[in-house]
Amino acid sequence: MKLASVKRVVVTVIGFILLSISILLIIFPGPAFIVIPIGLAILSTEYEWAKKVFAKIKRRVKKTFNK
């Protein structure tokens, strides 16, 4: 396996683990609103769909805090 392939697998596993944890944090008390963007930020380094979702979340956060 090439190093790029290994990196993609590691990023994918870590990103989806964090997103899975954030789903649990939505159900149970916890800071899901912090963990979700972290998982998406990690996934956005390898996946375009995650980059788009992460950018959308960033815009909403900026819009919310700039009011």
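Up top you'll find the structure we're talking about.
This is a predicted model, so every value here is computed, not measured.

Definitions and limits used
- Residues numbered from 1 in each chain as written.
- Predicted model: local features only at pLDDT ≥ 70, side-chain atom pairs only at ≥ 80, totals over all residues.
- Heavy atoms only, no water.
- Phe/Tyr/Trp six-rings, centres within 6.5 Å; stacked < 30°, edge-to-face > 60°.
- Axes fitted to C-alpha atoms, helices over the stretch in contact; angles between N-to-C directions.
- Helix = DSSP H or I, 4+ residues; strand = E, 2+ residues; numbered from the N terminus.
- Parallel < 35°, antiparallel > 145°, perpendicular 65-115°, else oblique.
- Left-handed = near helix turned anticlockwise from the far one by under 90°.
- Contact = heavy atoms within 4.5 Å.
- Nonpolar A, V, L, I, M, F, W, Y, C, P; charged D, E, K, R; others polar.
- Salt bridge = Lys/Arg side-chain N within 4 Å of Asp/Glu carboxyl O.
- Buried < 20%, exposed > 50% of the residue type's maximum accessible area, 1.4 Å probe, protein only.

Things to note about the packing of aromatic side chains
Thought 1: Evaluation of the coordinates by the stated rule reveals two aromatic pairs.
Thought 2: Taking 6.2 Å as the distance between ring centres and 35° as the angle between the ring planes, the aromatic pair formed by Tyr47 and Trp49 counts as tilted.

Considerations on the packing of helix α1 (residues 3-27) against helix α2 (residues 32-43)
Thought 1: One way to put it is that α1 packs onto α2 with a least axis distance of 8 Å and a crossing angle of 165°. One element, α1, and the other, α2, form an angle in the roughly antiparallel class. The interaxial crossing formed by α1 with α2 has left-handed handedness. Together, Val11, Thr12, Ile14, Gly15, Phe16, Leu18, Leu19, Ser22, Leu25 and Ile26 of α1 and Ala32, Val35, Ile36, Ile38, Gly39, Leu40, Ile42 and Leu43 of α2 make up the contact between the two elements.
Thought 2: Of the residues contributing to the contact of α1 with α2, the split by class is 14 nonpolar, four polar and no charged.

Considering the pattern of salt bridges
Thought 1: Counting across every chain of the model gives two salt bridges.
Thought 2: Salt-bridge contacts for Glu46 lead to Lys7; the nearest nitrogen and oxygen are separated by 3.0 Å. Here the residue Glu46 occupies a position in the loop between α2 and α3 (48-65), and Lys7 occupies one in helix α1, the gap between them amounting to 39 residues.
Thought 3: Note that Glu46 is salt-bridged to Arg8, the shortest N-O span being 3.7 Å. Of this pair, Glu46 sits in the loop between α2 and α3 while Arg8 sits in helix α1; the two residues are 38 residues apart in sequence, bridging distant segments of the chain.
Thought 4: Linked by salt bridges that have partners in common, Lys7, Arg8 and Glu46 make up one network.

A closer look at the environment of Asn66
Thought 1: On the secondary structure map, Asn66 appears in the segment after α3.
Thought 2: You can call Asn66 exposed: its relative accessible area is 65%.
Thought 3: The sequence separation of Asn66 and Ile34 amounts to 32 residues, and the corresponding C-alpha distance is 18 Å.

Quick word on the packing of α2 against α3
Thought 1: Two elements in contact, α2 and α3, have axes whose closest approach is 8 Å; the angle formed by their N-to-C orientations is 140°. Taken together, the axis directions place α2 and α3 in an arrangement best described as oblique. Both α2 and α3 take part in a crossing whose hand is left-handed. Note on element contacts: α3 touches α2 through Trp49, Ala50, Val53, Phe54 and Ile57, opposite Ile36, Pro37, Leu40, Ala41 and Leu43.

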